[in-house]
Amino acid sequence: MNSLHRPFLRFIATLTLVVLFYSITLTKGRAAGQAGLQQPQDFNVAVTCPDVKLQAINQIDFTKILALQKNGILGLPCDSGFASDGTDLTTNLQHGFDYYSWLTFLALNSPASGAAIGAGAPDAPTVWETYKQLPDVMLPKGKPPVDWVESSANPLVGVNNQIVPEGCPDPKGRMIIHMDMEETYNEPFKSGPLFDQNGNYALFVILLNEPMFEYINHRRLFNVEGQEAFDSEISFPNGTLKPDENKKGRVGAIMIKASWKLMKEGTDFGKNVTPKYHMIDGLLYRPKAPEICRPVKLGLVGFHVGHKTDTRQQWIWTTFEHHDNVPTESEEKNGIPSGTTFSFYNPGCKASDCPVNQTPAGSWEPDVIGWSPFPENPKFRSQIVRTGRSPVFPDDDVGRLNKMFQAAPQIKNTVWKNYDLITTQWPSGHCAVDAHPENLPDATCAPFPTFLANSTLETFSQPQQQTEMRGDPDAGVPLATSSCISCHNNATTQHRPASRSDFTYILEKAKSSKLN
Amino acid sequence: MTEVSRRTILAGVAATAATAAFTSVVPLQALAQDKPEVEQIPADDLKAFIGLSEKLTGIPAARLAPGLTSPGVDPFEIASVYFNTAKKVHSFNPMIQAFKAASTDEAVATFMKDPKTLYLCRSIILAWYLGAWYVPETLEAEAMSSPEAKANKLLATGKPAAKRYNMVQCTVISPKTYSQGWVWRIAQAHPMGYANSRFGYWSGKPPDMKDFIS
């Protein structure tokens, strides 16, 4: 019996040790996983952050920028940089943010293939066009979104893992424009649609980058029930320059809102036409239209970027527009040169016939007004002028910066030279670095400049016209006139009672998985 | 001789404001005929205006106009709005130039003794605190009118006693000045129609005073 016991006991001891080993490992792993689920930095892409410190506008080194941009998206700033000699801080900081905005624009609009901006054709799919669209995240009946696909796997895949609506063919890289979603054709807070001079809607799309998408996906914030169950503060991942143990920074959450114009063959593209717009192929999805999914060519006219960073917890807000969108108030007042054309303004139309910055009367839904692309007799064309403080500073620093970048070697012979930075809005208070500011009187942290509007995206909430300024360089009504940070400060989730959603309205679009 | 100090200035201002329990606000459109141009303010004039405002209001210059006299960022640039409003008064520029020459409490005391500048100083204080402009002549007329005259004015409204208010006309300078008045911060509150706290702030602990005035 002794001869049987000893091997048996040895076996039991070994088995016990094995069981103990695995249970410790599994517990640690589970704990790590659970701890990981609560760390917003988990899905934050690690990168070598480019140096974006700007000392002065005349010190911009385009050789350095070329080197940064060599690998396209790798030139994306993780955070802003600025000159810090302590004097005239507002102006210097603004320089820094505007410089950051241009680098961001170049990186996000570089080809998805990984090349530098300008290396591809005018319609080469860009990096941001491989992000996820809002309708593919907030699905009907609160369904979980499909996984993120690494664009490097197929740079021509277009919008990330698009869900193809019924009635639409395989998009094959084309961006589906969801006209069944009001935000696609109606501006924020239902302030009105924008019609171009061809009688077409300007069309709006919203996309999220991978860190932002994964934060929503992994925390199940994509439906109402998931939002109800989430009991922590919503805080999207930060972009950070602080290096980790591998000397890498982080990209952080980025959201994009872009405006498109329908391109006309023969005028905007085609034989013997020099393209002026970055263009994509799209599919116009309208389930009630005779042609449910109509192929269209779209040109980029407006581009917003929101980027959450360590040092700007209220996010950094950038906006670009195409040159040819609209005149400014001064340009209109001083007389527009004969032959100049705009997408959203007719110089030949008198103010009495074409009142400036007005929304059309009546219903705005395309199916109700019976709209079809390029209508023969458009019922309405918008007559838009850019109003408000322009430029932000009298020295027109942003104008000079635009000219410098547009003349840069990799830009000057491409469509990208036709895009202007309007300005960058940034939180200027000390609370901008505070990840948990609690209940401050000003949770927006004093945005500068006070107001910011893109003439194609916030057309009808632009600052007041200069004739009403009364000595105040910022002619507008706080919380009524467009300000990215002030408006987004009020964003919440969809569940009730709602909670703060960290400066994004995306979570408000969540559907319930329980309702029929 | 009346002692001139910030206390007496504020007492005068308080007397004006206390009787203006309900102020008559000139509609903004009425200002359309008097549109100051937005021109560049000489840097040293603006600096002097801030220094004077600091002495008048008791609020440090670094808080009135961050970035002007010390490192900081001023996202609202309210100082230039008040400067452009006050400069329409004839005695403003001489007062600013005098303050540039001598930026002292004694200089301010001199301004308080001179009727040409006393009420202008009160207008400046009220602008910083309330975001509204009280024309100096209106403040002077209010201060000079006798108790009997004030009582008769109230009777002339024809309203019941409980609803009689002394009307002191003012103009809200702009929507921005309305929201940036210091009275809101000191009251640890916010103006009607404007609050930048986080969604759900009403269910949390109110911010400390230092968070309002820093």
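All values derive from a computational prediction rather than experimental measurement.

### Focus on the overall build of chain A
On a plain count of helices and strands, chain A comes out with 9 helices and 11 strands. Buried positions account for 48% of the 516 residues belonging to chain A. Looking at chain A alone, contacts between residues at least 24 apart form 69% of all its contacts between residues at least 6 apart.

### Some points on the overall build of chain B
Broken down by element type, chain B carries 12 helices and 2 strands. Reading chain B from its N end, one meets helices and strands in the order α-α-α-α-α-α-α-β-α-α-β-α-α-α. In chain B, which comprises 214 residues, the share counted as buried stands at 34%. Taking the contacts inside chain B whose residues are at least 6 apart along the sequence as the reference set, 66% of them involve residues at least 24 apart.

### Looking at the nonpolar core
Counting residues in hydrophobic clusters, the biggest one holds 108 residues, and the most contacted among them are Trp102, Ile177, Leu203, Leu208, Met212, Met255 and Ile256 of chain A. For Leu208 of chain A, the residues in contact, after removing those within four places along its chain, are Tyr131, Lys132, Val137, Phe213, Met255 and Ile506 of chain A. With 40 residues, the next largest nonpolar core counts Leu64, Phe83, Leu130 and Leu139 of chain B among its residues.

### Some words on the environment of Ser80 of chain A
Residues and elements named next belong to chain A. Looking at the element boundaries, Ser80 is found in the loop between helix 2 (62-69) and helix 3 (89-108). You can call Ser80 buried: it has 26 C-beta atoms within 10 Å. Not counting residues within four places of it along the chain, the set of residues in contact with Ser80 comprises Val52, Gly96, Phe97, Tyr100, Thr309, Arg312 and Ile316.

### A closer look at the confidence of the model for chain A
All names here are of chain A. When the pLDDT values of chain A are averaged, the result is 85; 84% of them are 70 or greater. Element-level mean pLDDT values for chain A span from 44 in helix 1 (residues 2-37) up to 98 in strand 6 (residues 254-262). Across residues 18-40 the pLDDT falls below 50, and counting only partners more than four positions away or on other chains, this stretch makes 7 contacts in the model.

### Describing the pairing of strand 6 of chain A
Residues and elements named next belong to chain A. Within strand 6, 9 of the 9 residues are buried, which leaves the element mostly enclosed by the surrounding structure. Residues Ile254, Ile256, Ala258, Trp260 and Leu262 of strand 6 are buried on one face, and the alternating residues Met255, Lys257, Ser259 and Lys261, pointing to the opposite face, are buried as well. Taken together, the 6 bridges between strand 4 (residues 203-208) and strand 6 define a ladder with antiparallel strand orientation. The residue of strand 6 that forms the bridge with Val205 is Ala258. Relative to strand 8 (residues 293-309), strand 6 runs antiparallel, the two sharing 9 bridges. Note that in strand 8 the partner of Lys261 across the bridge is Gly299.

### Brief notes about the confidence of the model for chain B
Residues and elements named next belong to chain B. In the predicted model, chain B carries a mean pLDDT of 80, and the fraction of residues at 70 or more is 80%. Helix 1 (residues 6-19) is the least confidently modelled element of chain B, averaging 46 in pLDDT, while helix 5 (residues 92-101) averages 97, the highest of any element. For residues 1-37, every residue scores under 50 in pLDDT, and the model assigns this stretch 49 contacts once sequence neighbours within four places are set aside. Model confidence for the complex: the whole-complex pTM is 0.86, and ipTM, which rates the interface, is 0.77.

### Some details on the pairing of strand 3 (residues 175-178) of chain A
Residues and elements named next belong to chain A. Judged by which residues are buried, strand 3 turns out to be covered on both faces: Met175 and Ile177 on one side and Ile176 and His178 on the other are all buried. As defined by bridge partners, strand 3 adjoins strand 7 (residues 279-285) across 4 bridges and the pair is classed as parallel. Across the sheet, the residue bridging to Ile176 is Leu283, located in strand 7.

### Looking at helix 4 (residues 78-86) of chain B
Helix 4 of chain B sits mainly inside the fold: 9 of its 9 residues count as buried. For helix 4 of chain B, the elements touching its buried residues are helix 2 (43-57), helix 3 (61-64), helix 5, helix 7 (115-130), strand 1 (132-133) and helix 10 (175-180) of chain B.

### Concerning unusual backbone geometry
Leaving glycine out, the prevailing phi sign among residues is negative, and the prevailing peptide bond configuration is trans. Here Phe448 of chain A and Pro449 of chain A are connected by a cis peptide whose omega angle stands at -10°. Checked against the element boundaries, Pro449 of chain A lands in the loop between strand 11 (447-448) and helix 9 (484-488). Note the cis peptide between Arg496 of chain A and Pro497 of chain A, where omega equals -5°. If you trace the backbone, Pro497 of chain A turns up in the segment after helix 9. Even without glycine at this site, Asp502 of chain A takes up a positive phi of about 55°. With a phi angle near 55°, Glu77 of chain B is a residue other than glycine that sits in the positive phi range. By the secondary structure assignment, Glu77 of chain B is in the loop between helix 3 and helix 4.

### Examining the environment of Arg389 of chain A
Mapping Arg389 of chain A onto the fold places it in the loop between helix 7 (366-369) and helix 8 (397-406). As a C-alpha pair, Arg389 of chain A and Ala407 of chain A span 18 residues in sequence and 25 Å in three-dimensional space.

### Some words on helix 4 (residues 210-218) of chain A
Extensive coverage of helix 4 of chain A is indicated by the burial of 8 of its 9 residues. One or two positions beyond helix 4 of chain A, positive phi appears at Arg220 of chain A, with a value near 60°.

### Structural notes on the environment of Leu118 of chain B
All names here are of chain B. If you trace the backbone, Leu118 turns up in helix 7. Classification of Leu118 as buried rests on a count of 20 C-beta atoms within 10 Å. Residues Leu118 and Pro136, 18 residues apart in the sequence, show an inter-C-alpha distance of 8.3 Å. Not counting chain neighbours up to four residues away, the residues in contact with Leu118 comprise Phe111 and Met112.

### What to know about the packing of helix 2 of chain B against helix 7 of chain B
Residue and element names in this part refer to chain B. Relative to each other, helix 2 and helix 7 sit at 85°, their axes nearing to 10 Å. Relative to helix 7, the element helix 2 is oriented roughly perpendicular. Where helix 2 approaches helix 7, its residues Ser53, Leu56 and Thr57 are matched on the opposing element by Cys121, Ile124, Ile125 and Trp128. For the contact of helix 2 with helix 7, the per-class residue count stands at 5 nonpolar, 2 polar and no charged.

Scoring rules and cut-offs
Residues numbered from 1 in each chain as written. Chains lettered and ligands numbered in written order. Predicted model: local features only at pLDDT ≥ 70, side-chain atom pairs only at ≥ 80, totals over all residues. Helix = DSSP H or I, 4+ residues; strand = E, 2+ residues; numbered from the N terminus. Buried ≥ 20, exposed ≤ 12 C-beta atoms within 10 Å, placed from the backbone. Contact = placed C-beta atoms within 7 Å. Core = buried A, V, L, I, M, F, W, Y, C linked by C-beta atoms within 7 Å. pLDDT = per-residue confidence, 0-100. Pairing = 2+ DSSP bridges. Axes fitted to C-alpha atoms, helices over the stretch in contact; angles between N-to-C directions. Parallel < 35°, antiparallel > 145°, perpendicular 65-115°, else oblique. Nonpolar A, V, L, I, M, F, W, Y, C, P; charged D, E, K, R; others polar.

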